[in-house]
Amino acid sequence: MTTIKVPKVLRDRLHQLAVADGLTLAQEIELLMKKNAPRPEPRFGGFRSEKPLTSDEIEAKLTSGFGR
């Protein structure tokens, strides 16, 4: 848990929004963050296989330089 200091007017406004949405203050802040500042997409790629891979096939992919 962290304390965030904001002006009283902003705190009261956030509280009103939370009450109107039936949420806690923390839930309302999280909702607003999701709507207005979505998490950035990962910068690194993934790997998709056409079929499930065995552990040996995965090891071969990794040792061949996958991800570099």
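Residues numbered from 1 in each chain as written. Predicted model: local features only at pLDDT ≥ 70, side-chain atom pairs only at ≥ 80, totals over all residues. Heavy atoms only, no water.

### Looking at the overall build of the chain
Just so we agree on the cut-off: Numbering goes from the N terminus for both helices and strands, where a helix is a DSSP run of H or I of at least four residues and a strand is a run of E of at least two. The cut-offs for exposure are 20% and 50% of the maximum accessible area for each residue type, with area from a 1.4 Å probe on protein chains only; residues under the lower value are buried, those over the upper are exposed, and the others partly exposed. Per-residue accessibility takes into account occlusion by the displayed protein chains alone, with areas from the Shrake-Rupley method and a 1.4 Å probe.
In terms of helices and strands, the chain carries 3 helices and 0 strands. Order of helices (α) and strands (β) in the chain, N terminus to C terminus: α-α-α. A total of 68 residues make up the chain; the buried ones form 6% of that total. Total accessible area computed for the chain in this model is approximately 6,800 Å², and 57% of it derives from carbon and sulfur atoms.

### Description of a nonpolar patch on the surface
The test is simple: What goes into a patch is any residue over 30% in relative accessible area without a salt bridge, connected to like charges within 9 Å or, for nonpolar side chains (Val, Leu, Ile, Met, Phe, Trp, Tyr), within 5 Å. Here, a salt bridge means any side-chain nitrogen of Lys or Arg that lies within 4 Å of a carboxyl oxygen of Asp or Glu.
The grouping of Ile4, Val6 and Leu10 at the surface amounts to a nonpolar patch, some 260 Å² of accessible area in total. Residue position: Ile4 is located in the segment before α1 (8-21). Accessibility expressed as a relative area gives 65% for Ile4, which makes it exposed.

### Here we look at α1
Keep this limit in mind: Take the residue count of a helix, subtract one, and multiply by 1.5 Å to get its expected span.
The end-to-end C-alpha distance of α1 is 20 Å, a good match for the 20 Å that 14 residues give at a rise of 1.5 Å each. Two residues or fewer after α1 comes Gly22, characterised by a positive phi angle close to 70 degrees.

### Comments concerning the pattern of salt bridges
Within the structure shown, the criterion is met by 3 salt bridges. As a salt-bridge pair, Glu30 and Lys34 come within 3.8 Å of each other at their nearest N and O atoms. Separated by 4 residues within a single helix, Glu30 and Lys34 lie in helix α2 (residues 25-36), roughly one turn from each other. What makes Lys34 exposed here is its relative accessible area of 58%. In this structure, Glu57 and Lys51 form a salt bridge, with 3.0 Å as the shortest nitrogen-oxygen distance. Look at Lys51 and you get partly exposed, because its relative accessible area is 44%.

### Overview of the confidence of the model for the chain
The line we're drawing: Each residue carries a pLDDT score, the predictor's confidence in it, ranging from 0 to 100.
Scored by pLDDT, the chain comes out at a mean of 86, with 85% of its residues at no less than 70. Here helix α3 (residues 55-63) stands out as the element of the chain with the lowest mean pLDDT, 85, in contrast to α1, whose mean of 96 is the highest.

### Observations concerning the side chain of Glu28
Basically, it comes down to this: It only takes one pair of heavy atoms within 4.5 Å for two residues to be counted as in contact.
Along the chain, Glu28 turns up in helix α2. Residues within four places of Glu28 in sequence aside, it is in contact with Leu14, Leu17, Ala18, Asp21 and Leu23.

### Brief notes about the packing of α1 against α2
Our working rule: Lines fitted to C-alpha atoms define the axes, with helix axes restricted to the stretch in contact, and inter-axis angles between N-to-C directions lie between 0 and 180 degrees. Reported orientations rely on four angle classes, namely roughly parallel under 35 degrees, roughly antiparallel over 145, roughly perpendicular from 65 to 115, and oblique for the rest. Any residue that is not Ala, Val, Leu, Ile, Met, Phe, Trp, Tyr, Cys, Pro, Asp, Glu, Lys or Arg is counted as polar, Gly included; the first ten are nonpolar and the last four charged.
Their axes nearest at 9 Å, the elements α1 and α2 cross at an angle of 95 degrees. In terms of axis orientation, α1 runs roughly perpendicular to α2. Along its contact with α1, which presents Leu14, His15, Leu17, Ala18 and Asp21, the element α2 presents Leu25, Glu28, Ile29, Leu31 and Leu32. The residue makeup of the contact of α1 with α2, split by class, is 7 nonpolar, 1 polar and 2 charged.

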